[in-house]
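Analysis of the macromolecular model
One-letter residues, chain by chain:
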Amino acid sequence: MIIRLVMLAELGAITAALTLPESLQSLGLASFILATAAFVVAIFPSSAPLGLAKLLRPNLVVVLAAPALWMALQAVPMPVDTLGNPIWATASAALNEPLSEMITVDIGATMLSLAQYCAVLAAAFVTAVVTLDRYRAAQVLHILLSVTTIATAMWFGKEARAVAGPDGSTVAVLGVLLACATAIRAVDQLRRHGRPGKVAPAPLPALSAAIIAMIVCMTALLIRTNSAAVIAALLGSGALVSVFSIRRWYLGLWGTAGVLATAAILFIAGATVIPFRTNTDVTIALSTSSQIATERMLQDVRPAGSGAGASTVLLPLYRDVDIGAPRERSTAAAAIVIDMGWAFLCGLVVIAMLSACILFRRSLSRGHDYVYPALGAGASIALPILAFSDHGILGLGASLLVAALFGLAFGQSVPGVGREALIVGSKEASDWMAGPVPASRPRLVLALVTIWPRVALMVLGIVLIMQTIWMVLPTWYLAGQSSLSAAVSAAAAWPNGISKPVSVAAAREDFRIQGESRSRGEPVLAVDEQKAKLPAASSSLVRSLRSSPLHGDIWLMLAASKQNSSQSSTAAMLKMSYYTAPNDLDLLPLRLSVALATDAVVRELEFRDLIKRDVSLVVTRGSAIRPALVTAYRSASTEGKIYLESLISELDPTYLDNMRAPRSRQGSR
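Residues numbered from 1 in each chain as written. Predicted model: local features only at pLDDT ≥ 70, side-chain atom pairs only at ≥ 80, totals over all residues. Heavy atoms only, no water.

With that out of the way, let us pick up the overall build of the protein. Within the protein one finds 31 helices and zero strands. Among the 669 residues that make up the protein, the fraction classed as buried is 52%. (Helix = DSSP H or I, 4+ residues; strand = E, 2+ residues; numbered from the N terminus. Buried < 20%, exposed > 50% of the residue type's maximum accessible area, 1.4 Å probe, protein only.)

This is how it looks when you write it as structure tokens:
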């Protein structure tokens, strides 16, 4: 009963991650549920840890722990300055305070990526423990098929103009694989129970559900995704069909070799059908969307990466100004290279291929339940193709679903694990009831073998609970703070989850109020009044920059808060805003106001070029925010007004009269 509750809780966490928007709250909810499941599996007496110990070899534990250790190392101060990212030294000079250099450029993003990876590990481990029993494995397979089919139908059912979810294609491909595995298992059951004197009504509903799921998922892939996702689904299903063919017709060594050769030919033929982009990086060669900024980031990749989760933080630095265009999203392979380095991606590809070979071999050595390791082998083939074509595999819901699938595959990959665990567990119980016996070395070794998986699950559960507290407590604490400080702190804690920074929201609200005032004939709110509350939030802004110095919006707000105290400090922070968010049109109004109001900025040649670029963008491409030039002109210093007039006279002389007109009317009054 307890194991069933654990199974339902885990699947509920996966369903919530697939249906809810990806945010800090959804990750915290998933972490809490999976931590509870890990605690229950580790604490309550069960024979499952013995089977898990047989699966978790020391080398596998090292492989699974390596990514977590690497993410943690990226957020640790480096003993040698040259090992860290140079942005920390630049930020230290701008803030005029010492900052430790680290590999990551965003500590919060790296820690959230670490939290997601720990949740993925917990999902895989708990699923492996639950599915050691063949009957529960079948239940998990059917429930996963239902979840993926419903999620794919919801994704496919969106309107054509709506943007598809980031993990929709990944879930659809996994749905095809799960449907194929369910259909093969149902056919095997029908064949075994279809002998004389036996009736098998149970496999028929499963076969019907598998056919319906296959139709839904394949239809979604053919209509809503690119050819790479379709080929990935077909190749993964081909691995399942290959195992079924070998076992169905009892092919010998040469027959197996022939099937594998045919599968290899089909794999190569399928690879030739996928449209590769030439003259570009291999990690984005299969993507059909624009990857201009990603290609630029890949050219500046450091050997150790820029920190897990940092690709989304770096993207604003490299993208062009393009009003109305959809935001670029790097492929999963490109994001991994940018975040973790090339060596990490190569290691993942090698591990995926080794997993495919191991699971394929184990599926041939199993008895009736060979479909589960074959499912894992198919997923190991399909997922790398998806990683090179889109970003969906890194989504929270998709990653948890992948973890559950591989937990199911490895949990049922070793023959007799569940049966041996039950036999040993019964023997231990009978020995305990018989009374104390002299200690012996074999019994001690057996005790250590059975206890260490429980300890591992307990440690993983504790880590997840700590991460959940770390994610949830700031939300409770910020409830009593001012809206500005809360927004800034939230931006630092969850950089990938907000579509627009707090300064953008403030700027938009500022211009909305100004537009309403102009339409009503009311005086425009002075820029000085709008910035009156910024100095009170300076400490929160500095704390945010200590964890992530690449937020151009926060640098701009800090420059505005320091404007009346020190012009040199304002210039340094304003320069950081220009360098960390050069093409964000939402920051131009406030940035121009601060720059033109500071004489030290206007007099510097480098700033003059930067100001000229912003003014050119506003005049030529930002007609909606052209009124911002009027506000910047009113709050500008004398030198700033002269320089702005000279720029606008070169770019649009007719607009210069419109900009001066409000000032002339005020002078006539």
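Past the structure itself, the notes keep going.
If you walk through the whole model with that rule in mind, you get seven salt bridges. Among the ionic pairs, Arg546 bridges to Glu97, the shortest N-O distance being 2.7 Å. With a gap of 449 residues between them, Arg546 in helix α23 (residues 538-547) and Glu97 in the loop between α5 (87-95) and α6 (107-130) connect regions that are remote in the sequence. Given a relative accessible area of 36%, Arg546 falls into the partly exposed group. What makes Glu97 partly exposed here is its relative accessible area of 22%. Glu606 serves as the salt-bridge partner of Lys575, at 3.4 Å between the closest nitrogen and oxygen. Taken together, the residues span a long stretch of sequence, with Lys575 in helix α25 (residues 567-580) and Glu606 in helix α28 (residues 605-621) at a distance of 31 residues. Overall, Glu606 belongs to the partly exposed group, its relative accessible area being 32%. (Salt bridge = Lys/Arg side-chain N within 4 Å of Asp/Glu carboxyl O.)

With that settled, consider helix α12 (residues 292-299). For an α-helix, 3.6 residues make a turn, and residues three or four places apart therefore share a direction. Residues of α12 that are buried: Ala293, Thr294, Met297 and Leu298. Each buried residue of α12 sits inside an arc of 140° when the element is viewed along its axis, so together they form one side. (Arc of directions from axis to C-beta.)

On to empty space enclosed by the protein, then. On inspection of all chains with the given rule, the structure shows one cavity of 30 Å³ or more. By volume, the largest cavity is sized at about 30 Å³. Lining the largest cavity, in full, are Met7, Glu10, Leu11, Thr127, Val130 and Val140. Secondary-structure elements contributing two or more residues to the lining of the largest cavity are α1 (2-19) and α6. (1 Å grid on protein atoms, 1.4 Å probe; cavity = no way out; pocket = protein on both sides within 12 Å on 5 of 7 lines; lining within 4 Å. Points joined across faces, edges and corners; volume = space filled by probe spheres on them.)

This part is about the side chain of Asp188. For Asp188, the location among the structural elements is in helix α8 (residues 168-193). For Asp188, a relative accessible area of 4% translates into the label buried. Once residues within four sequence positions are removed from consideration, Asp188 is found in contact with Phe244 and Tyr370. (Contact = heavy atoms within 4.5 Å.)

Here we come to unusual backbone geometry. Residues other than glycine seldom take positive phi values, yet Asn96 does so here, at roughly 60°. Among the structural elements, Asn96 can be located in the loop between α5 and α6. A relative accessible area of 69% means that Asn96 is categorised as exposed.

The subject of this paragraph is the packing of aromatic side chains. Two aromatic rings, taken as a pair, are described by how far apart their centres are and by the angle between their planes. Under the definition given, this model contains one aromatic pair. Cation over ring: Arg134 sits above Tyr135, and NZ or CZ is 5.9 Å from the ring centre. (Phe/Tyr/Trp six-rings, centres within 6.5 Å; stacked < 30°, edge-to-face > 60°. Lys NZ or Arg CZ within 6 Å of the ring centre and 35° of its normal.)

Position of Leu64 among the secondary structure elements: in helix α4 (residues 58-74). Placed 54 residues apart in sequence, Leu64 and Cys118 show a C-alpha to C-alpha distance of 10.0 Å.

With respect to the element layout, Gln412 can be found in the loop between α17 (396-411) and α18 (417-434). Separated by 2.7 Å, the side chain of Gln412 and the backbone oxygen of Thr131 make a polar contact. Contact partners of Gln412, with chain neighbours within four places excluded, come to Thr131, Leu132, Asp133, Arg134, Ala137, Arg366, Asp369, Tyr372 and Pro373. (Polar contact = N/O pair within 3.5 Å; in protein donor to acceptor, adjacent residues only side chain to side chain.)

Where nonpolar side chains cluster on the molecular surface, the patch consists of Ile2, Ile43 and Phe44 and spans about 270 Å² of accessible area. Along the chain, Ile43 turns up in helix α2 (residues 24-43). The class of Ile43 is exposed, set by a relative accessible area of 53%. (Patch = residues over 30% accessible without salt bridge, like charges linked within 9 Å, V, L, I, M, F, W, Y side chains within 5 Å. Areas by Shrake-Rupley, 256 points an atom, 1.4 Å probe, with all protein chains shown as cover.)

What follows concerns the environment of Ala571. Relative to the helices and strands, Ala571 resides in helix α25. Taking C-alpha positions, Ala571 is 6.9 Å from Ala600, a pair spaced 29 residues apart along the chain. In contact with Ala571, not counting residues within four places along its chain, are Val601 and Phe607.

This part takes up the packing of α12 against helix α13 (residues 311-318). Two elements in contact, α12 and α13, have axes separated by 9 Å at closest approach and are oriented at 105°. Relative to α13, α12 is oriented roughly perpendicular. Residues Ala293, Arg296 and Met297 of α12 form the contact with α13, whose own contacting residues are Ser311, Leu314, Leu315 and Tyr318. When grouped by side-chain class, the residues that make up the contact of α12 with α13 number five nonpolar, one polar and one charged. (Axes fitted to C-alpha atoms, helices over the stretch in contact; angles between N-to-C directions. Parallel < 35°, antiparallel > 145°, perpendicular 65-115°, else oblique. Nonpolar A, V, L, I, M, F, W, Y, C, P; charged D, E, K, R; others polar.)

With that settled, consider helix α30 (residues 638-651). In this model α30 runs 20 Å from its N-terminal to its C-terminal C-alpha over 14 residues, within 8% of the 20 Å that 1.5 Å per residue would give. Looking only at α30, the buried set comprises Gly640, Lys641, Tyr643, Leu644, Glu645, Leu647 and Ile648. (Expected span 1.5 Å × (residues − 1).)

A general feature of soluble globular proteins is that nonpolar side chains tend to end up buried together. Counting residues in each nonpolar core, the largest one holds 168 residues, and the members touching the most others are Leu221, Leu375, Leu400, Leu574 and Ile611. The biggest single contributor to this core is α6, with 15 residues. (Core = buried A, V, L, I, M, F, W, Y, C linked by side-chain atoms within 4.5 Å.)

This next bit is on the confidence of the model for the protein. Per-residue pLDDT for the protein has a mean of 75; in total, 71% of the residues score no lower than 70. Per-residue pLDDT stays below 50 along residues 477-534; that stretch engages in 79 contacts with residues further than four places along the chain or on separate chains. (pLDDT = per-residue confidence, 0-100.)

Before going further, it helps to spend a moment on the packing of α25 against helix α26 (residues 588-596). Relative to each other, α25 and α26 sit at 150°, their axes nearing to 11 Å. Judged on the interaxial angle alone, α26 and α25 are roughly antiparallel. Of the two elements, α25 crosses α26, and the hand of that crossing is left-handed. Contacts between α25 and α26 involve Thr570, Leu574, Ser577 and Tyr578 on the former and, on the latter, Arg591, Val594 and Ala595. (Left-handed = near helix turned anticlockwise from the far one by under 90°.)

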